[in-house]
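# Residue-level structural notes
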Amino acid sequence: RGRVRVVDREGDLEEDDEYGMSDGEINDFESSFGVEYDPYYDEPYEESELPVGKYKADKSYGDRRYANGEVFYKDEGTGMFYRQGSRPRQKKFWDLNSS
């Protein structure tokens with residue numbers, strides 16, 4: 001399967017990314033978990049940076065499932081999207097019934 005192309009970000013090298021990780025946080029992450037940091041999976045995406053292509057939007061969470069199999073999960077608090085496999089959704093069981 002081919003991957004959907006993600007829009008290149010302007011200013012990828014900027015240090016003031018509000019939702020990204022700093023160099024120190026990246027070093028801590030790599031030493032704590034023993035895995036190499038990969039911005040392709042570990043950095044959040046704005047809606048404008050998501051792939052262009054056919055997708056189905058989840059009505060409950062706003063997640064996007066693309067025809068080629070890629071999945072982006074929407075973070076309710078920030079409105080940012082994370083690739084499948086990058087971070088778990090932090091939702092408590094008892095919060096599911098309140099919405």
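As a reminder, the structure under discussion sits directly above these lines.
Residues numbered from 1 in each chain as written. Predicted model: local features only at pLDDT ≥ 70, side-chain atom pairs only at ≥ 80, totals over all residues. Heavy atoms only, no water.

## Quick notes on the packing of aromatic side chains
- For the structure on display, the rule yields six aromatic pairs.
- The interplanar angle of 50 degrees and the centroid separation of 5.3 Å between the aromatic rings of Phe29 and Phe33 together place this pair among those described as tilted. Taken together, the positions of Phe29 and Phe33, both in helix H1 (residues 23-33) and four residues apart, correspond to about one turn of that helix.
- For Phe33, a relative accessible area of 59% gives the class exposed.
- Ring centres 5.0 Å apart and planes at 85 degrees place the aromatic pair Tyr40 and Tyr41 in the edge-to-face group.
- Tyr40 gets classed as partly exposed once you look at its relative accessible area, which sits at 25%.
- Through a chain of ring-to-ring contacts, the aromatic side chains of Tyr45, Tyr55, Tyr66 and Phe72 assemble into a single cluster. (Phe/Tyr/Trp six-rings, centres within 6.5 Å; stacked < 30°, edge-to-face > 60°. Helix = DSSP H or I, 4+ residues; strand = E, 2+ residues; numbered from the N terminus. Buried < 20%, exposed > 50% of the residue type's maximum accessible area, 1.4 Å probe, protein only.)

## Some thoughts on the pattern of salt bridges
- Tallying each qualifying case throughout the model produces two salt bridges.
- Its salt-bridge partner being Arg64, residue Glu47 comes within 2.5 Å of it at the nearest N-O pair. With Glu47 in the loop between helix H2 (39-42) and strand S1 (55-57) and Arg64 in strand S2 (residues 64-66), this residue pair connects regions lying 17 residues apart in the sequence.
- Taking the relative accessible area as the measure of exposure, Glu47 reaches 47% and is therefore partly exposed. (Salt bridge = Lys/Arg side-chain N within 4 Å of Asp/Glu carboxyl O.)

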